[in-house]
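# Tertiary structure, described
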Amino acid sequence: MDGEREGGVPGQSSRRRGAKQEEETKEGGATGRIQPVPRCRAMAQPRACQEQEDGLRELTLSTQRLRVLPPAVLSNPALESLDLDRNKLRSVTGISKLCNLKKLILSKNEIVDFPNEIQSLVCLEKLELNQNQIRVIPEGVFSHLPRLKHLRLNNNRLSALPRDLAACRGSLQYLNISNNLFRTFPQPVLQLAHLQELHVQNNTLRQLPKELFQGQSLKMFKANGNPLREPPSEVCAGGIQQIRNYFNQLQHGSGQEDKRVKTMFLGASLAGKSTICKSLKQGQAKLVPKEERTVGIEISKFQIEDFTFLFWDFAGQLEYYVTHHVFITPQAFVILVINLHMYQSNDKTFKELVGFWINNLSMRVPNSVVLPVGTHVDCCWEEEVEEKRRDIMAKITAMLAERKSNLAHFINNLEGSEEPEFYVDQWERLKEMESCALTILNLVAVNCMDHRDIKKLEAAILEHVKNEELFPEVIRVLPPIYRQVEAAIIDITQSEDMADHGMTDVQYLLSKLSQCEHLANLDRELLQDILRYLHRVGLVVWYEEIKHLESTVFLQPTFLITMFKLLVRYRLVQQLESISVDTLIGEHATIRDRSNWVWTFKSKAMLCHRAVRALVKHQLCSEGMRDVFEEIMGHRPHRGREKLFSLLEHFELCLEVRHTEVLNPQASEFVPGKPWETTRGQGESWYLFPTYLNQTEEVSEVWGGDHLEDLHIRAYFSPEIPEGFFQRFLVKACSFYSTHWMAKAACLLICNGKPLLIKENNQRAYSYLELRCRKPAGRTGFQFAWDFLMAIVFIVQKLAEEWPGLHVCVKTPCRTAGCPAELMWPDMDGTNTMMKEDVKTCGTCGHRFGAELLLPKVPRQLEEPSAQPSAHYYVTSYGTTTFGPSSIHVNQQVRRLPLPLAQGPTQMARLILPPRS
């Protein structure tokens with residue numbers, strides 16, 4: 001679709017104007033008046049350039065396809081701010097004439113050689129040259145910029161900084177050199193005494209200088225994406241104070257090398273993961289019976305030579321994959337276990353046993369090293385093993401080649417578009433993804449019951465982890481006290497005083513550790529630093545960011561997995577049905593209650609609080625762990641803030657739904673702009689588990705069918721929507737909008753009485769989330785509708801950041817029935833300025849549409865609708881409410897309810913369920 005403005009020929013007119021202006025600019029003909037090409041932009045429309053007047057101090061020429069600076073710009077020495085973002089500039093000849101310039105934005109251009117003329121801009125305070133192609137910055141520029149406070153050089157090809165950058169020591173406060181080619185830390189930065197914010201992410205730094213952290217000026221520091229050894233990335237992730245503490249501890253003793261490898265065993269159910277884990281750990285073949293297969297995730301630790309391995313054995317059943325995102329982390333060694341006896345040389349079994357895991361690793365941890373291991377070779381002929389090995393490796397290679405080809409296709413589309421300047425951020429993101437790819441090692445075929453094959457696999461693993469090109473972060477330098485505290489924690493965990501579950505309070509742990517003679521001076525701050533490090537390497541679990549768990553440390557991470565699998569597990573319905581009568585009585589429930597719980601869970605994927613308590617107690621008793629029930633579920637049968645629910649809600653595995661019959665007189669006063677504390681009523685809590693949803697009819701019925709005039713956008717995913725993504729999205733979105741209907745692949749949200757439908761379509765080469773809302777009637781309606789849609793788009797994009805190898809692209813389909821054309825959305829930078837043009841024309845069918853029907857925009861002149869109809873109240877099948885005008889009708893008898901949470905301090909409705917006995 002091409003833009004149309006003021007009745008001109010769509011697409012062609014704007015191109016002619018652009019070409020004419022470019023030609024005039026090159027010839028020096030454009031004088032006296034800046035005439036930028038009018039452009040549309042969905043999210044961040046640059047300020048329109050204006051006729052030059054005497055004393056003009058600010059000028060924005062963003063996204064104008066400039067190749068040279070217009071003479072009219074250079075003839076205004078009073079200019080103080082010039083924004084040339086997203087153009088095609090290779091040089092800025094004549095910029096030295098703007099001697100009063102304080103702010104210069106040259107980001108997202110095509111600059112290769114650093115502009116020397118910038119040294120003449122002695123008043124310059126802010127300079128941005130990010131996202132160009134600069135390789136070298138010459139000496140003698142920064143020595144002439146004594147007032148420079150803000151410098152962005154990220155996303156270039158720099159490997160060093162000029163020495164004279166130190167001349168800005170008295171002024172420079174912000175420096176960004178991320179996404180470059182630095183192998184060693186640039187020394188001039190150490191002399192910037194007033195530096196407050198420094199970004200060095202995604203370079204190839206191995207070591208950071210302690211001098212950087214000795215002053216107190218630095219307030220923010222980001223270094224992720226570097227193969228750091230000293231300090232390790234896990235220490236840097238703790239923030240500046242933890243880095244300072246790290247270097248302080250190194251002064252008390254020489255650093256010790258820690259060679260540690262987190263090794264994740266993935267693969268389909270019954271592939272032999274647990275057998276390999278146990279055989280490697282015990283140094284001999286060890287068969288794991290079928291009835292002892294992994295449920296959730298199991299963790300073990302052992303040593304090969306001087307390398308410490310943490311083995312994480314992930315269950316292969318699909319039900320457990322929704323929890324894998326919590327524990328699958330970068331910089332891990334992935335062993336993909338494949339049952340060669342079950343494997344057949346066809347696409348179906350390849351996808352189930354291999355492709356599913358490769359695809360998800362490519363999205364979740366795209367830089368991982370993967371070792372395929374074929375098992376059950378004793379059930380195959382020797383020729384069959386070799387044939388299947390070749391087939392698996394060939395299909396994996398084809399998968400990765402297809403991914404690379406798709407990324408190249410997306411990049412070419414952006415580069416070949418008429419307005420590539422609007423897609424620079426998306427282009428950069430795709431280029432980063434293109435540079436990240438799984439490293440697939442040669443498949444090792446083993447008989448898990450053959451001691452020689454286990455030794456062969458052990459040797460292969462050791463050979464690979466010693467390769468620094470594959471594992472640059474395997475060696476970390478640590479202060480001696482880190483190792484001492486780790487060893488003491490292991491001793492405490494294995495002592496008779498510690499319960500099997502390994503949960504302990506931070507303060508109690510500190511008191512136990514302080515009893516060790518060599519740790520007598522250990523303080524809480526240092527202990528917390530070390531716990532953060534051990535949490536990030538996977539030895540302990542400490543979620544200090546979760547309010548109700550901030551003082552709890554899991555010394556046995558396996559128990560945390562046990563907590564997850566109490567409610568996220570294979571055959572949960574059977575577990576519900578088997579709750580004993582004694583357990584029911586203990587929770588003041590009956591057999592009829594249990595039947596209702598089963599029915600509600602099967603039909604609505606919901607459990608009430610008593611059902612959860614009974615289910616958890618039943619499973620803990622069956623595993624001989626009843627003593628931890630009160631620890632994770634609390635003493636009272638009515639909900640407080642139990643550890644289990646804090647975890648499940650934090651990782652977006654369930655959604656609480658509360659119901660009351662009347663307004664709560666004890667509710668605190670709602671003051672806009674201030675935090676509002678909810679007051680718990682007496683109604684029982686219910687919990688929705690989106691993973692177990694299965695029906696879609698109710699959502700479709702309430703929505704009432706798609707209309708051609710609906711506002712309609714799609715968020716496309718490549719290669720596909722990750723497993724568990726939509727379920728987590730549902731929890732996020734429905735926690736913001738208290739009125740909603742939910743199904744396995746659809747969700748209907750209500751805000752101020754206005755419905756918004758989200759549907760999932762996850763097919764190969766055609767994966768997207770579809771967002772629809774009804775066409776508004778007036779300016780205010782369009783503003784609200786697009787705000788609603790954009791809020792959901794930002795939730796999708798924020799969640800997608802957890803999959804670095806996932807590409808998400810937002811498009812609007814043409815509104816002509818049957819037309820396949822789609823309008824790709826430009827970069828979204830978080831602003832909400834609407835586009836300028838009023839009409840868009842489809843380049844395929846030729847039809848014209850108001851821009852407000854395709855992209856976020858409020859129409860200029862549109863009659864406001866008549867007075868709003870009277871308010872109505874609605875209830876979903878599990879009790880949440882809404883208030884306001886709406887065309888939605890629910891064929892259920894409901895009682896009158898208060899306002900929803902989004903509009904004030906309110907409570908929820910009663911759940912409509914079968915009667916209890």
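Calculation rules
- Residues numbered from 1 in each chain as written.
- Predicted model: local features only at pLDDT ≥ 70, side-chain atom pairs only at ≥ 80, totals over all residues.
- Heavy atoms only, no water.
- Helix = DSSP H or I, 4+ residues; strand = E, 2+ residues; numbered from the N terminus.
- Buried < 20%, exposed > 50% of the residue type's maximum accessible area, 1.4 Å probe, protein only.
- Contact = heavy atoms within 4.5 Å.
- Areas by Shrake-Rupley, 256 points an atom, 1.4 Å probe, with all protein chains shown as cover.
- Axes fitted to C-alpha atoms, helices over the stretch in contact; angles between N-to-C directions.
- Parallel < 35°, antiparallel > 145°, perpendicular 65-115°, else oblique.
- Nonpolar A, V, L, I, M, F, W, Y, C, P; charged D, E, K, R; others polar.
- Pairing = 2+ DSSP bridges.
- Polar contact = N/O pair within 3.5 Å; in protein donor to acceptor, adjacent residues only side chain to side chain.
- Salt bridge = Lys/Arg side-chain N within 4 Å of Asp/Glu carboxyl O.
- Core = buried A, V, L, I, M, F, W, Y, C linked by side-chain atoms within 4.5 Å.
- Patch = residues over 30% accessible without salt bridge, like charges linked within 9 Å, V, L, I, M, F, W, Y side chains within 5 Å.
- pLDDT = per-residue confidence, 0-100.
- Phe/Tyr/Trp six-rings, centres within 6.5 Å; stacked < 30°, edge-to-face > 60°.
- Lys NZ or Arg CZ within 6 Å of the ring centre and 35° of its normal.
- Expected span 1.5 Å × (residues − 1).

Time to look at the overall build of the protein. Regarding its fold elements, the protein presents 23 helices and 33 strands. When each of the 917 residues of the protein is scored for burial, the buried share is 56%. A fraction of 62% describes how many contacts in the protein between residues 6 or more apart in sequence connect residues 24 or more apart. Accessible area of the protein: about 40200 Å², with a carbon and sulfur share of 48%.

Another point: the side chain of Q242. Tracing the sequence through the fold places Q242 in helix α4 (residues 240-250). On the accessibility criterion, Q242 (2% relative accessible area) is buried. With near-sequence residues (within four places) excluded, Q242 lies in contact with E234, V235, Y482, D529, R532, Y533 and R536.

Let us now look at the packing of helix α12 (residues 506-514) against helix α13 (residues 524-537). Packed helices, taken two at a time, are described by the angle between their axes plus the distance between the axes. Interhelical geometry of α12 versus α13 gives an angle of 105 degrees and a closest axis separation of 11 Å. Taken together, the axes of α12 and α13 lie roughly perpendicular to each other. Between α12 and α13, the residues in contact are V506, Q507, L509, L510 and L513 and R524, L527 and L531, respectively. By residue class, the composition of the contact of α12 with α13 is six nonpolar, one polar and one charged.

Taken in spatial order, the seven strands of this open sheet run β24-β25-β26-β27-β23-β28-β29, and their pairing is antiparallel. Of all the strands in the sheet, the pair left with one neighbour each is β24 (739-742) and β29 (822-824). Ignoring which end each strand starts from, the neighbouring axes of this sheet average 25 degrees apart. Pairing of strand β26 (residues 754-763) with strand β27 (residues 766-773) involves eight bridges; the strand directions are antiparallel. Within the sheet, the bridge partner assigned to I758 lies in β27 and is L771. In the packing of helix α22 (residues 725-736) onto the sheet, the strands contacted are β23 (711-718), β24, β25 (746-751), β26 and β27, and the crossing angle to β25 comes to about 15 degrees.

Tracing the sequence through the fold places D529 in helix α13. Separated by 2.7 Å, the side chains of D529 and N245 make a polar contact. For D529, the contacting residues outside a window of four places in its chain are Q242, N245 and Y482.

Right, let's talk about the packing of helix α11 (residues 480-494) against α12 for a bit. It is at 10 Å that the axes of α11 and α12 come closest, and there the two elements cross at 105 degrees. Classified by the angle between their axes, α11 and α12 sit roughly perpendicular to one another. Every residue of α12 that contacts α11 at V485, A488, I489 and I492 is listed here: L509, K512 and L513. When the residues that make up the contact of α11 with α12 are grouped by side-chain class, the tally is six nonpolar, no polar and one charged.

Our focus in this paragraph is the pattern of salt bridges. In the structure shown here, the tally under the stated rule is 46 salt bridges. In this structure, R476 engages E234 in a salt bridge whose closest nitrogen and oxygen atoms are separated by 2.9 Å. A residue pair is termed long-range when its members are at least 10 positions apart, and R476 in strand β17 (residues 475-478) and E234 in helix α3 (residues 233-236) qualify at 242 residues. Classification of E234 as buried rests on a relative accessible area of 9%. For E770, the salt bridge identified is with K759, shortest N-O distance 3.4 Å. Placement of the pair is E770 in strand β27 and K759 in strand β26, with a sequence separation of 11 residues. On the accessibility criterion, E770 (6% relative accessible area) is buried. K759 gets classed as partly exposed once you look at its relative accessible area, which sits at 29%.

Right, let's talk about the nonpolar core for a bit. Core analysis: the biggest nonpolar cluster contains 223 residues, and L82, L104, I118, F221 and F729 have the highest contact counts within it. At 12 residues, the largest contribution of residues to this core is made by helix α23 (residues 779-800). The contact partners of F221, leaving out residues within four places of it in the chain, are L198, V200, L208, L212, F213, I240 and I243. Of all hydrophobic cores here, the second largest spans 30 residues; its members include V337, V369, V446 and I454.

Glancing now at the sheet that holds strand β2 (residues 58-60). Pairing within the open sheet is parallel, and its eight strands lie in the order β2-β3-β4-β5-β6-β7-β8-β9. For this open sheet the edge positions go to β2 and β9 (220-222), each flanked by a neighbour on one side alone. Between one strand axis and the next, the sheet turns by 5 degrees as a mean value, whatever way the strands run. As judged from the three bridges shared by strand β6 (residues 150-152) and strand β7 (residues 174-176), these two strands associate in the parallel manner. Bridge pairing links H150 to Y174 in β7.

Let us look at a nonpolar patch on the surface. A grouping of V581, I585 and I591 is seen on the molecular surface, where their side chains present a nonpolar patch of about 270 Å² in accessible area. With respect to the helices and strands, the residue I591 is situated in helix α17 (residues 591-604).

With 80% of its residues at a pLDDT of 70 or more, the protein has an overall mean of 80. Predicted confidence is poor over residues 291-296, with pLDDT under 50, and the contacts of this stretch with residues over four places away or in other chains come to 20 contacts. A low-confidence stretch, residues 863-917 (pLDDT under 50), is modelled with 140 contacts involving residues beyond four sequence positions or located in other chains.

The side chains of a regular strand alternate between the sheet's two faces. Neither face of β24 is left uncovered, since the one carrying T739 and W741 and the one carrying H740 and M742 both have all their residues buried. When β24 meets β25, the two strands line up antiparallel, connected through four bridges. Residue pairing for β25: H740 is matched across the bridge by L749. From the end of β24 to the start of β25, which pair antiparallel, there are three residues.

Residue position: E801 is located in the loop between α23 and β28 (807-813). Residue classification places E801 among the exposed positions, given a relative accessible area of 54%. When the C-alpha atoms of E801 and R364 are compared, they prove to be 9.5 Å apart, with 437 residues separating the residues in sequence.

So, about the packing of aromatic side chains. Counted under the stated rule, the structure contains 22 aromatic pairs. Between Y716 and Y766, the aromatic rings sit 6.3 Å apart at their centres with planes inclined by 45 degrees, giving tilted as the arrangement. Note that Y716 is positioned in strand β23 and Y766 in strand β27, a separation of 50 residues in sequence. On the numbers, 5.1 Å between centres and 70 degrees between planes, the contact of F717 with F725 is edge-to-face. Residue F717 shares its accessibility class with F725, and that shared class is buried. Joined through ring pairs, the aromatic side chains of F213, F221, Y246, F247, Y482 and Y533 make up one cluster. In this arrangement the basic side chain of R714 is found over the ring face of Y768, its NZ or CZ atom lying 4.6 Å from the centre. The ring centre of Y716 lies 5.4 Å from the NZ or CZ of K811, which sits over that ring.

Here we come to the environment of L769. Among the structural elements, L769 can be located in strand β27. In this structure L769 comes out as buried when scored by relative accessible area, which is 0%. Considering only alpha carbons, one finds L769 and V796, 27 residues apart in sequence, at a separation of 9.1 Å. Non-local contacts of L769, meaning those with residues more than four positions away in its chain, are made with I713, R714, A715, F717, I721, F725, F726, K759, E760 and V796.

Taking 1.5 Å as the rise per residue, α22 with 12 residues should run 16 Å; its terminal C-alpha atoms sit 17 Å apart, in good agreement. Counting buried residues along α22, nine of its 12 residues qualify, which places the element largely inside the surrounding structure. Within α22 the residues assigned to the buried category are F725, F726, Q727, R728, F729, L730, V731, A733 and C734.

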